[in-house]
Structures are given as C-alpha cells and as structure tokens.
Amino acid sequence: MKALARAAFALTMFTLPSLLPAGAQETHDVRGIVADSAGGGVEGAMVVVLALPDSILTKFSLTDGDGRFTLRRVPVGAYILQVTMVGHQTVRNELTVGPSDVEVGSIAIQVLAVEMEELIVSVDHVPFVSRRDTLDYNALAFEVRPNATVEELLARLPGIEVDSDGTIRAQGEEVRNVLVDGKEFFGSDPTIATRNLPAEAVERVQVYDKESDMAEFTGIADGQEERTINLELREDARRGTFGHVVGGLGGGLEPSAVVESQPDGRTRYNESVNFNRFSPTTQLALLGGANNVNEAGFRWGDVASFSAGGGGGHGGGRGGLGGGRSDGFTETLALGVNASHDFAEDRWIRTSYFFTTLDNTQKEITQQQQLLGAAVSALEDATQDQVTENLTHRLDVNAHYAVSEGHDVRLRGNLDIGSSTLSSLAWNRTATLEGSLRNEGTSSSLVEESDLGGTARLTWRKRLSESGRAVVLEAQARLQEPETVGDLETTTRALDRDGALVTDSVFQEQTRTERTLSLSERLSLTQPLGGSSVLEVFGEHRSVEEDRDNSVYDIGTGVPVLNNELSSGLERLYSYLEGGVRLSRNSDASRLTVGLEVQSSNLEGTIRDRDELIENGYTHVLPSANVRVQLNDSKTLSFRYRTSTREPSMTQLQPFADNTNPTRIYIGNPNLTPEYSHFLNADYRFFDQFSFVNLFTYLRFTYTDNEIVNSRAYDDRALQTVRPVNVDHSWSANGGLSYGRPIRPIGARINVEYSLGHTRGVELLNEQENNSRVWRNTVDASVDNRDKDIFDLRAGARFAFNNVAYTLNEELNQAYLDRTFYGNGRVRFGQGWTLQTSLNYRLYDDDVFGAGDRNVAMLNASLAKLAMSDRVEVALVGFDLLDQNKGVTYTNGPSYIQERRAETLGRYVMLRVMYRIGNLGRAQGRPHGPGRMH
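These lines cover the structure that appears in this document, whether it is placed above or below. (Residues numbered from 1 in each chain as written. Predicted model: local features only at pLDDT ≥ 70, side-chain atom pairs only at ≥ 80, totals over all residues. Heavy atoms only, no water.)

Observations concerning the overall build of the chain
Counting secondary structure elements, the chain contains seven helices and 49 strands. In the chain, which comprises 934 residues, the share counted as buried stands at 50%. A separation threshold of at least 6 residues defines the contact pool for the chain, and within that pool the share at least 24 residues apart is 66%. When the accessible surface of the chain is split by element, carbon and sulfur atoms take 54% of a total near 41,300 Å². (Helix = DSSP H or I, 4+ residues; strand = E, 2+ residues; numbered from the N terminus. Buried < 20%, exposed > 50% of the residue type's maximum accessible area, 1.4 Å probe, protein only. Contact = heavy atoms within 4.5 Å. Areas by Shrake-Rupley, 256 points an atom, 1.4 Å probe, with all protein chains shown as cover.)

Brief notes about empty space enclosed by the protein
Considering all chains together, one arrives at seven cavities of 30 Å³ or more under this definition. Space inside the second largest cavity adds up to approximately 130 Å³. For the second largest cavity, the lining is made up of 14 residues, of which Pro 198, Glu 200, Gly 243, His 244 and Arg 916 are closest to its centre. Among the secondary structure elements, those contributing two or more residues to the lining of the second largest cavity are strand S17 (241-252) and strand S49 (908-918). Class assignment of the residues belonging to the lining of the second largest cavity gives a composition of seven nonpolar, five polar and two charged. (1 Å grid on protein atoms, 1.4 Å probe; cavity = no way out; pocket = protein on both sides within 12 Å on 5 of 7 lines; lining within 4 Å. Points joined across faces, edges and corners; volume = space filled by probe spheres on them. Nonpolar A, V, L, I, M, F, W, Y, C, P; charged D, E, K, R; others polar.)

Examining the environment of Phe 354
Tracing the backbone through its elements, the reader meets Phe 354 in strand S21 (residues 347-371). Expressed as a C-alpha distance, the spacing of Phe 354 and Thr 392, which sit 38 residues apart in the sequence, is 7.9 Å.

A short note on the side chain of Thr 430
By secondary structure assignment, the location of Thr 430 is in strand S23 (residues 407-431). Judged by its relative accessible area of 3%, Thr 430 falls in the buried class. In contact with Thr 430, other than residues within four places in its own chain, are Gln 370, Ala 378, Leu 379, Glu 380, Leu 437, Arg 438, Asn 439 and Ala 718.

Section: the nonpolar core
Ranked by size, the top nonpolar core spans 38 residues in total, and within it Tyr 137, Leu 153, Ile 160, Val 205, Ile 229 and Leu 231 carry the most contacts. For this core, the elements supplying multiple residues, two or more each, are strand S9 (134-138), helix H2 (150-155), strand S11 (168-170), strand S13 (177-180), helix H3 (190-194), strand S15 (202-210), strand S16 (226-233) and strand S19 (282-291). The contact partners of Leu 153, leaving out residues within four places of it in the chain, are Ala 139, Phe 142, Val 144, Ala 199, Val 202 and Val 205. Grouped together as the second largest cluster of nonpolar side chains are 19 residues, Val 42, Ala 45, Phe 69 and Val 97 included. (Core = buried A, V, L, I, M, F, W, Y, C linked by side-chain atoms within 4.5 Å.)

Quick word on the packing of aromatic side chains
Counted according to the given criterion, the structure contains nine aromatic pairs. Consider the rings of Phe 799 and Phe 821, whose centres lie 5.9 Å apart with planes at 90 degrees: the pair is edge-to-face. Within this pair, whereas Phe 799 is found in strand S42 (residues 791-806), its partner Phe 821 is found in strand S43 (residues 814-829), the two being separated by 22 residues in sequence. Taken together, the aromatic side chains of Phe 185, Phe 186 and Phe 354 make up a single cluster linked through ring pairs. It is Arg 522 that lies over the ring of Phe 538; its NZ or CZ is 4.3 Å from the centre. In this structure, Arg 642 is placed above the aromatic ring of Phe 679, and the distance from its NZ or CZ to the ring centre is 4.2 Å. (Phe/Tyr/Trp six-rings, centres within 6.5 Å; stacked < 30°, edge-to-face > 60°. Lys NZ or Arg CZ within 6 Å of the ring centre and 35° of its normal.)

Brief notes about the environment of Glu 94
Relative to the helices and strands, Glu 94 is located in strand S6 (residues 91-97). For Glu 94, a relative accessible area of 79% puts it in the exposed group. For the pair Glu 94 and Tyr 79, spaced 15 residues apart in sequence, the C-alpha to C-alpha distance is 6.2 Å.

Brief notes about the sheet that holds S11
One open sheet holds the three strands; their spatial order is S10-S11-S12, and the pairing between them is antiparallel. Both outer strands of the open sheet, strand S10 (160-162) and strand S12 (173-174), are each paired with one neighbouring strand and no more. With three bridges joining them, S10 and S11 adopt antiparallel strand pairing. Looking at the pairing, Glu 161 lines up with Arg 169 of S11. (Pairing = 2+ DSSP bridges.)

A closer look at the pattern of salt bridges
Under the definition given, this model contains 49 salt bridges. Between Glu 546 and Arg 572 there is a salt bridge, with the nearest N and O atoms lying 2.3 Å from each other. Highlighted residues: Glu 546 in strand S27 (residues 533-554) and Arg 572 in strand S29 (residues 568-586), separated in sequence by 26 residues. Residue classification places Arg 572 among the buried positions, given a relative accessible area of 8%. Close ionic contact of Arg 912 with Glu 873 constitutes a salt bridge, the shortest N to O distance being 2.5 Å. One end of the pair, Arg 912, is in strand S49; the other, Glu 873, is in strand S46 (residues 872-879), with 39 residues separating them in the sequence. Taking the relative accessible area as the measure of exposure, Arg 912 reaches 7% and is therefore buried. Assessed through its relative accessible area of 5%, Glu 873 is described here as buried. One network of salt bridges, with partners in common, ties together Glu 184, Lys 210, Asp 213, Glu 216, Arg 410, Arg 412, Arg 457 and Glu 474. (Salt bridge = Lys/Arg side-chain N within 4 Å of Asp/Glu carboxyl O.)

As for the pairing of S9
A regular strand places its side chains on the two faces of the sheet in alternate fashion. Counted residue by residue, S9 has five buried out of five residues, so it is predominantly covered. Bridge count for S9 against S15 is five bridges, and the pairing is antiparallel. Bridging from a neighbouring strand, Asp 136 pairs with Gln 206 of S15.

As for the sheet that holds strand S1 (residues 27-35)
If you trace the three strands from one edge of the open sheet to the other, you get S4-S1-S7, paired in mixed fashion. On the outer flanks of this sheet lie strand S4 (68-75) and strand S7 (102-108), each paired with one strand and no other. Averaged over all pairs of adjacent strands, the angle between strand axes in this sheet comes to 20 degrees, irrespective of strand direction. As judged from the five bridges shared by S1 and S7, these two strands associate in the parallel manner. By the bridge assignment, Val 34 is partnered in S7 with Ile 107. (Axes fitted to C-alpha atoms, helices over the stretch in contact; angles between N-to-C directions.)

Overview of the pairing of strand S36 (residues 693-705)
Sheet topology note: the strand S35 (residues 675-688)/S36 ladder contains 13 bridges and is antiparallel. Each bridged residue has a counterpart across the sheet, and for Leu 680 the counterpart in S36 is Phe 701. Two strands pair when backbone bridges link them, and S36 and strand S39 (residues 729-743) are joined in this way by twelve bridges, in the antiparallel orientation. By the bridge assignment for S39, Thr 702 is matched with Ser 732.

Some remarks on unusual backbone geometry
The linkage connecting Gly 98 with the following residue, Pro 99, adopts the cis geometry, with an omega of 5 degrees. The residue Pro 99 is located in the loop between S6 and S7 in this model. Phi is positive for Met 868, close to 55 degrees, though the residue is something other than glycine. Residue position: Met 868 is located in the loop between strand S45 (856-867) and S46. Backbone geometry at Asp 880 places phi at a positive 50 degrees, although glycine is not the residue there. Looking at where Asp 880 falls in the secondary structure, it is placed in the loop between S46 and strand S47 (888-893).

Remember, this is a structural readout, not a statement about activity or role.
As structure tokens, this is what we get:
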C-alpha cells in the first residue's frame, strides 16, 4: 500500500508542473489606443501580439468604443504588435514586454485606398471555443481516418470519452442525447447517430445541457437538464444525399468447443447500408445491417432485458452499423427509418422507427472474493453458459405546433414492443479462502419474456400578457406491461453441522405479470419581474400505480402444485402532491436559478393472500440551485445543486422469497422508506484559442439519507438470505480534469486525463454494519502529432489505482493497479493507400486472485485502397491478430471484489468493400491536415 501511495505521489509531482498554465511565468499587461487619422478612437480593431521569431499568436484583444485595448498577462519577451481592421492598412510595430506593464500609447491606422493588405498570420484551425453554456468544437481541427464515424471523431475531442459500449461522457457526465442540426435522430439513443453518421459530414460539435420541454416553455431551469451533443453539419451534408453501402466477408479462429454453437462456423460477415437525404426543412435517414462480429449501431442494453451486453468490446466503427461489441458471440439484424420535417420554424415533427434482432451465445467464468463477517470470508467460483434471443420494435414521435405567437403545443411519445428468450446453465462453488467447501450448486433455466411499454407527454403554453406572463400545462402518461414465464431446475449441496453433504433440489415453473401506470399533471405560472428576472409558481400531482403477480408451481412430481410460500401478489399506489417557486435571473455573462419545492407523498399497498396493508406518508423539502458564469471568452464556471427522493421498487417491497439462486435467497421488505439525495455538480472550462491550451475540471458529489441497501444473513454453510433495509446515509464523490497543449518545437500535442473517485457503501452482514470505502485514481497521458497530412500517430498509457477497504474485516482490504498501454497509427502513401493499426495492451494486477493469464494485447490492423474518385474503398481488416481477446473485467462491490472472464470473439480477417453514396467526402473539401488561414 505504501508503495502504491509513493507511486501515485511521484506521478502527481511529475505531471503537476505540466498542468500549470503558461501564465505561471512572469507576465505583464499591454495597453493602448487605436485611432483614426482624425485622432478618434476606432472600435472593433483586432490587436494581436506575435511571438518572435516564428510569429506565433500569443494574445489578442478587440478595441472598445473609445478605441482602447488591453492585452492581459503577456509573458516577458520580444514580440510584434499587429493591428488589423477591414478596410484599413495593417500596422506592425516591435514590442518588448518586461519588466512592468507596457503603455504603447496611440496607434494610428489609415483607411486602405486601393485594396486590403493580406493578413500574414498563420494559425491552425481553432479547435473549440467555450461560450456561455456551450462548448463548441471545430471538427475540421481534429483529423480522423477516411470514412470514419462520428463516434471516432468524438473520441478525439478533448474532454469527451467514448466507452466500448458507445456510452459518451462529456466533462465527466454521460451524454443522453445526440441531435443532428438541432433535431432528434432516431429518438433518444445517442449511439445510432454517432455510429452511423460519417465524421466528414460534421462541421461543428456542440456540447451543452439541454433543458426539458417544460423548462424551454417557462424559460426557467427545472433541474431536468440532460447533457447533449449537437452535430452541426457541413453545408453540402445539410443540403444533399450521402451514405454508404458496405459488404464484408471473412473468417476467424475460434476454439472448437465454441464453433459448435455457432451455426455459421468460422465464417464472419458484416453488411450494412446507410442512406441520408437532408435539406434545410427535411431529414430522411435509412439504416440497415446484419453481422456476426459483435457490432451494433445501438446500445446493447436498449435491446431487451436479457441482452448479454457488458463492456467486453473493442469497437472501432469499421463499417458495420457500429463499433460496440458485447461479450460472447453475437449475431445482429437491424433496420431503422428516421424522418424529420419543418413545416415552419415553429411547426415541425420528428419520427423514427427501429427494428432489431440480437442473438448472443456466451460462456463466462467468475471469481468473487466475499466478505461474510468480521472473521469470515469466502471465495466463490462460478461458470455460466447462456443463449439469448431478443427482438425489439421502437417507435418515437416528437411534434411541435405553434397556434399563434406565444401559444404553443408539444407532443412527445414512444412505443416499445419486445420479446426475449434466455436459456442458461450455471454452476457455482463457495469455499473458505483456505479451500474448505461450504456449498455448491447447479441451475438451469429457460425464460421467455414479452414487454409492452410506452409514454406520452403533452406540453401546452399560453402567453397571458405582453409583459411575458404565461401559463404552462404539462400532462404525462407512462405504461409498462412485462410478462415472464420460466422453468427453473436447481440442485444445491451444502455441508450440515455434522459435516455431511446435504442435497436439495428444486423443479419449478415460475410466471410473473406486471403492470405499471404513471400519470402526472403540472401547472406553472411565470411572471417577469423586470430586467432579466422571472418568477415561476407551480404545482404538480403524480401517481404511480403498480400491480405484480408471481406464481410459482412445483413440478417435481410431474403435476404442477402451487407453492404458496413463494407465490405472491402486491398492489401499490404512490401519490404525490408538489408545489414550489423558482426565481431565474439571466444575463449575457451569467445565469442564476434558485428554487424551493415541497413534496408530500403517500403509499398505499396491499399484499394479496395475506390481507396486509402498507401505508406510509412522507413530506420532503427539495431545494435547488443552478449557477453558470462566463468569466471571459475562454473561461466558464458552473454549479448545479438539486435534491430528489427515490421510492423503493416493487421487488424491494414484496415480502416473498425469490429462489432463482438457492444459495442467495432474496426477500423484500414492506417497511422500507424513500431515499433522499443531494446532488452537487461543478464544472470549470478554460480554453485559450491562440495557445490552444485547454483545461476542463469537474466535481460530482452525492449524499443520500435513508439509503436502501442489502442486509445479508448467512449461516456456517455460506448460504445467504438477502433483504433490503434502510441505513443512515452513504455518499460518493468523483472529480477529474482534462488538460491539453501543443508542443510546437516537435510538432506534437499532449493530453492528460485525471480522475479521482471515492464511494462509501454500507451493507449489513448478520446485522453487523460494514462500511466499504473504494478509492479509484486514474491517470491517462497521451501524445500525438499535429501535422496529420501523411502520418497520424498517437501513443499513451493509462494507470488505474484501486483501493478497497472494509471496516468489518480489514484483512480483506485490497490495493491493486491496472495498467493499459495503447497506440495507434495511420499512414497514407501512394495513390489512395492507407495503412493503419492499433494496439491496446492491458495488464491486470495479480495481487487479488493470484497469478493467471489475464493480460490482453489487442492488435487490430487494416490496409485500405480508395478508388473511383474516393467513392470506393477496399480494405483488408484484421481483428485481434494476436488472438488474445479474453473479456476480462474487474468489479468492486460493498462486500466483494470480482473477476469475470467471458469467452468472446477472437481473431478474424475480413475483406470489406465500401461504396460511398452521394458527393460528400474528402474530395469535396475536407482538409487532410491542419488548416491554414493567410
């Protein structure tokens, strides 16, 4: 542990000096006046200082109404002071800064009599700017490979992370929406846009917090903002037809035991079509694809509840519907249509339909080190083979209609219909850390599930006066009706008190039907108070009605017999009355919203067959605040604070046993109370558009009262009964920074990402409280070249320091380090040839589960040739060329550390042909390297 701390300290001390901004050296301000020939001040002239000898832009300023300017914090040195303005001659004077502030006096500029002199400053594309609540990236400043997807472009943007499953995080917060020119694209799944639109169609990428429909209508933030990315398209994409057709066929080398479960043996295919026709008023898009190489153009978890996703992927957007990979072996078929039309600026409709089938075969092995008490621990080994089949239909509609000025209606709705089948065979063994057996078991199950769900939300606004007073009404309904039928067969063997092995078997048929109906109505009145202040008074009523029936039949005798102890039924109705006020004050440089809400909730529940009633009532005060300040053109600071409640779920309330896993029986608790949580988010963004230095920092803090946690009771055979209970509180915090700057002398750029997270979890073990404290420090440093005309090289390393500590049994405390070294390169040569490769080498610490074959080196490569004016690309693609993909993951819980391995797709080679539809492409104007302006 001390060695780990010393390593973290040394790394911090090494990286800290490079994280300090350039302003840490001696600097001084430069002031002056730009005047015309008559001596009057000139407004709007650009004044820049160019560092000698290479004329690099260092600082700039615009003159005010009196012609005055101030260049702040200019480092000591020799410069050229340049003044430019359209229609005037350029003025250049020598400038020396130091040892104090500099007054240059009045600088006269003359009207250009014939033609404007050429501006000689040469700079790269400004990569991004931060303005008020939006971080705006210039896509042209971030080079990507030919035919890359938007997902690959986003992965190159500072402050944005893209996980292997397609999840996007901007400044540490998950992105919930991706818009295309401000319009929704295939509903609420961000990955459909990022994995299917070409990067070359995008001109700008904008990141901001999108407000809810209610907040848009009232003009007052309501705490329901969602981190959103807007893809602003290039003009030829906004008014044209583009897309591609891809065909790929190849073969791989899987273990023979797995090949038997694959109907197509070792043959690998990846086919897709992507067609887009856009105009200023209409967006039409068609997506389709089929593959068996674990690729999807959507989030795996959105397909169905049994979808076997899970973070083992290594995406790359290499031409299919997308790049994310689930563990195991997955075959996917998908078809989607998106249509958007603007009848007028304030009258439009967005619709989409998506159909998906996903079949997955998976085999996984897990080791779990369990904490069972102050002096008791265990090691569980488990294996599971499962096959899933999923089918999903999804329809989304979003429409806006302006009846008249100040009178608007918006309708949102979606419908989801799905079905899933899961066949599973599992084995587990629990022993002491010394190897003494405590229990073991096997289980097999066949489960079929169907699900019907949908939502509808209507928002109406009517302006009541010329001053801006308005009334806003929103009504919402949500319906969810899943149904599950399954067969379960388990055998459990455990040692009794005399040391004899006792066997218990279960043969059951289980059915579960559920229905959840949520209704809400919210009325809001807004009143301007003068200036930029607005007051909102609102009231809301909500109800959540749930009904669940579990029927369990024992079929060991061949005749189904109802098991009354395991069968259950529960009805509940949560009703809410809420009222409150919000005050908002906005200006060009800041935004402030504060609110106070009182919520009264009431629970009425009935446990059928027991004639037991559950009745509880609660009152909560919910404050909120939202502050954003634009400190200057390059600095933005924001704070968000909100509170919320979370009621226990039906599963947590229902006081009946779930014996799906006989070694871990789950029983609900009808006496649970709601959680009450505080959330605090803070962000700071800095970017100097001349030095290209960027710094993004964030902090997230959550504190929860009455948290619902698990209480585990175990016996000397390590058989457990789990029951949810409320505990006093828990909290978690995480923060991080992203820093980048160019190193011009060597033509490179460095990027450093650092994150620190701490979670305090609580769990009861045989009524003894165990507090787990998990620290995770991650440092990611990389360097890449800036001039990417021919070569594009990037290399880096990521170190994740993990520390897990338990108050109940300190002997199980663990500290371990995971390391990842990565690199990728691309080189263009000849006439349209591109060679690219990537290596990701991950090393897992052996201190937790002992030495083993865990390290994974993922090597991918491709050789591509463009033909027919870049309209056709033929590529030979190799995936996992070293054949080391093992699907290894580590996870931590309040009382366990787990290693999971999943047998997954290995080495294959594929010949892929892509045909570009339309005229969009690099041949039509996207530069290959950093742009220049003269």
